[in-house]
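Structure assessment
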Amino acid sequence: MSTQENLLRLIDPLDDRWLDEVLDYVQWIQEVADTLTPVEWERVQRGEQELVQGDRVSLSEWRRQHGI
């Protein structure tokens, strides 16, 4: 199975609420910009602060919380 086929297989059953997030991410990785917007930079800083404080959750717990 090709990467594209595998990606389409994974995306097809997703709930509509996640499709917007996937679309945003795909559009984001296609952008040529090599700098972060102020909003993106703020999110990175907030995420780093959360990690330093020990605020994290395992992938399996995150999936359980989001019904994935």
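Please refer to the structure higher up on the page.
The rules we used
- Residues numbered from 1 in each chain as written.
- Predicted model: local features only at pLDDT ≥ 70, side-chain atom pairs only at ≥ 80, totals over all residues.
- Heavy atoms only, no water.
- Helix = DSSP H or I, 4+ residues; strand = E, 2+ residues; numbered from the N terminus.
- Rg over C-alpha atoms; globule rule 2.2 N^0.38 Å.
- Buried < 20%, exposed > 50% of the residue type's maximum accessible area, 1.4 Å probe, protein only.
- Lys, Arg positive; Asp, Glu negative; His and termini not counted.
- Charge placed at Lys NZ, Arg CZ, Asp CG, Glu CD.

1. Details of the overall build of the chain
A count of helical and extended segments in the chain gives four helices and zero strands. Ordering the α and β elements of the chain from the N terminus gives α-α-α-α. In terms of C-alpha radius of gyration, the chain reaches 15 Å, well past the compact-globule figure of 11 Å for 68 residues. Dimensions along the principal axes, computed over C-alpha positions, put the chain at roughly 40 × 35 × 20 Å. The buried share among the 68 residues of the chain stands at 3%. Of the charged side chains in the chain, 7 are positive and 15 negative; the average position of the first set lies 8 Å away from that of the second.

Without other data, these values stay purely geometric and don't point to any function.
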